[in-house]
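Spelled out, the chains give:
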Amino acid sequence: MRNQSFQNMLPPRVDKRDKLPEEPHTSKTVNKPIEACEGYSCSSNSSGSSNLEIVHKNKEKNKGMSKSSKLMRFKADDWVFTQVTAITSAKKTKDGKVSQNSFQYVNTNGIAISNEDLLKYYKSFIGSHNYKDHEQEVSKSYGVVLDAVIRPVNKTGDTVYYVDLLIATNRHKDPAWARAIETQKVKYVSMGADSSSIQCSKCGNIAVKDTDICEHLLFETGLFYIDKDGNKQITSGWISDKKSDYSIGSIEFEEISYLTVSPAYRASALSYVIPVPKN
Ligand SMILES: [Zn+2]
């Protein structure tokens, strides 16, 4: 659905699932986003590692930008660099259900994204804003997502994917807030996305606007039920790129927020503050 953030799409539910994804991070992965970025060309500058030099290479996002504006330098004096896990996918079965081994990867608000769609769209995180508590106004942006990488995780028997982001948060816009992030007093992130639709995992209904949402997603999201074959299922809304005529639209990850409240996806936690030496 357009113009609605991921976490505001449906009313929050009390989470009844007891098993959460394990925090998968180690310090060994911390430099990987910088080395692996494809939307940007990233490197340390010639004087050492105190700056990150970012050149935006995405043709779409370069439209309307002057040549000079494509080059941005992020100095450690001005920015806090953090790595976070923003989202994980779930395995979608052939009949549109959430696989039983993926129940734990449905967000606490009942929303999920399939492996296929996350692999297809995760790079849209790159260049998106870093907000506080989803205050989605550009004037309230505290920073930018410099890179996004995806990695497979298989802890349940089904492979799913985690997306890690490299975020630069400005130190000067709100020094106390930046300091809270740097000292990890702020622990959680949550992302915002726009999608062409939400598809019900129980009945397959595609909702392109609020009034199209089926009764299952209105009243049963995140709840379990037993299907006609006696199998336990979960009612979830897949964020989807399908339009009402089943043609392909889009999913756009628009922002990542640091939160002063608990996130929809509880494994979304600040994982690592990247220690870039200052000049
Ligand atoms: Zn439904």
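Our structure is the block above this text.
Residues numbered from 1 in each chain as written. Predicted model: local features only at pLDDT ≥ 70, side-chain atom pairs only at ≥ 80, totals over all residues. Heavy atoms only, no water.

Peer 1: How would you explain the coordination of the zinc ion if you had to name every residue and give the values?
Peer 2: Every protein donor of the zinc ion is accounted for by Cys 200 (SG), Cys 203 (SG), Cys 214 (SG) and His 216 (ND1), and the metal-donor separations fall at 2.1 to 2.3 Å. Metal-centred angles of 100 to 116° between the four donor atoms at the zinc ion mark the site as tetrahedral. All donor residues of the zinc ion come from one chain, and their arrangement in sequence is C-x2-C-x10-C-x1-H. His 216 matches Cys 214 in its accessibility class, with the two residues each being buried. (Donors = N, O, S within 2.8 Å, 3.2 Å for Na, K, Ca; no water. Tetrahedral: all angles 85-135°; square planar, octahedral: opposite > 155°, others 65-115°. Buried < 20%, exposed > 50% of the residue type's maximum accessible area, 1.4 Å probe, protein only.)

Peer 1: Help me get a handle on the sheet that holds strand S14 (residues 237–240), residues and values and all.
Peer 2: With respect to topology, four strands assemble into an open sheet ordered S5-S14-S10-S11, the strand pairing being mixed. With one partner strand each, in any of the chains shown, strand S5 (111–112) and strand S11 (206–207) form the two edges of the open sheet. Pairing analysis gives four bridges linking strand S10 (residues 197–200) to S14, with the strands arranged antiparallel. In the sheet register, Gln 199 faces S14, and the bridge partner there is Trp 238. (Pairing = 2+ DSSP bridges. Helix = DSSP H or I, 4+ residues; strand = E, 2+ residues; numbered from the N terminus.)

Peer 1: Which residues make up unusual backbone geometry, and what values do they have?
Peer 2: Of note, the phi angle at Asp 133 is positive, near 55°, even though the residue is not glycine. Topologically, Asp 133 is positioned in the loop between strand S6 (129–132) and strand S7 (143–153). A positive phi angle is found at Gln 184, which is not glycine, with a value near 60°. Following the sequence through the fold, Gln 184 ends up in the loop between helix H4 (175–182) and strand S9 (188–195).

Peer 1: Pulling in residues and values, what's your account of the nonpolar core?
Peer 2: With 38 residues, the main nonpolar core has Ile 87, Phe 125, Leu 165 and Phe 253 as its most contacted residues. Of all the secondary-structure elements, those providing two or more residues to this core are strand S4 (79–88), helix H3 (115–121), S7, strand S8 (160–170), H4, S9, S10 and strand S15 (251–259). Discounting chain neighbours no more than four positions away, the residues touching Leu 165 are Thr 82, Gln 83, Val 84, Ala 86, Phe 125, Val 145, Asp 147, Ala 148 and Ile 256. The next biggest cluster of nonpolar side chains, apart from the first, holds eleven residues, and it includes Ala 90, Val 160, Ile 234 and Trp 238. (Core = buried A, V, L, I, M, F, W, Y, C linked by side-chain atoms within 4.5 Å. Contact = heavy atoms within 4.5 Å.)

Peer 1: Report on the pattern of salt bridges, specifying residues and quantitative values.
Peer 2: Inspection of every chain in the model, using the stated rule, returns nine salt bridges. Among the salt bridges present, the one from Lys 120 reaches Asp 241, with a minimum N-O distance of 3.2 Å. Separated by 121 residues along the polypeptide, Lys 120 in helix H3 and Asp 241 in the loop between S14 and S15 bring together distant segments of the chain. The buried category is assigned to Asp 241, whose relative accessible area is 4%. Salt bridges linked by common partners bring Arg 171, Arg 179 and Glu 182 together as one network. (Salt bridge = Lys/Arg side-chain N within 4 Å of Asp/Glu carboxyl O.)

Peer 1: Give me the packing of aromatic side chains: which residues, what numbers.
Peer 2: We describe a pair of aromatic rings using the distance from one ring centre to the other and the angle between the two ring planes. Scanning all chains against the criterion turns up four aromatic pairs. Ring centres of Phe 103 and Phe 224 lie 5.4 Å apart, and the angle between their planes is 55°; this geometry places the pair in the tilted category. In this pair, Phe 103 is assigned in the loop between S4 and S5 and Phe 224 in strand S12 (residues 224–226), connecting sequence segments 121 residues apart. A relative accessible area of 32% places Phe 224 in the partly exposed class. Ring geometry for Tyr 142 against Trp 177: centres 6.3 Å apart, planes inclined by 50°, an arrangement best described as tilted. One end of the pair, Tyr 142, is in the loop between S6 and S7; the other, Trp 177, is in helix H4, with 35 residues separating them in the sequence. Residue Tyr 142 is classed as buried on the basis of its relative accessible area, which comes to 12%. (Phe/Tyr/Trp six-rings, centres within 6.5 Å; stacked < 30°, edge-to-face > 60°.)

Peer 1: Account for the environment of Val 261, with residues named and values stated.
Peer 2: With respect to the helices and strands, Val 261 occurs in the loop between S15 and strand S16 (270–273). Taking the C-alpha atoms as reference points, Val 261 and Lys 187, 74 residues apart in sequence, are found 9.5 Å from one another. Apart from the residues lying within four places of it in its own chain, the contact partners of Val 261 are Asp 133 and Tyr 188.

Peer 1: Mind laying out the pairing of S10, listing which residues take part and the relevant values?
Peer 2: On S10, burial covers both faces: Ser 197 and Gln 199 on one face and Ile 198 and Cys 200 on the other are all buried. With two bridges connecting them, S10 and S11 associate as antiparallel partners. Note that in S11 the partner of Ile 198 across the bridge is Ala 207. What sits between the antiparallel neighbours S10 and S11 is a turn of five residues, in which Gly 204 has the positive phi angle 85°.

Peer 1: Now, about the environment of Gly 237: what can you tell me, with residues and values included?
Peer 2: Mapped onto the secondary structure, Gly 237 falls in strand S14. Its relative accessible area of 0% is what places Gly 237 among the buried residues. Here the alpha-carbon distance between Gly 237 and Asn 107, two residues 130 residues apart in the chain, equals 9.7 Å. If we ignore the near neighbours within four places in the chain, the residues touching Gly 237 are Gly 110, Ile 111, Ala 112, Ile 198, Gln 199 and Leu 217.

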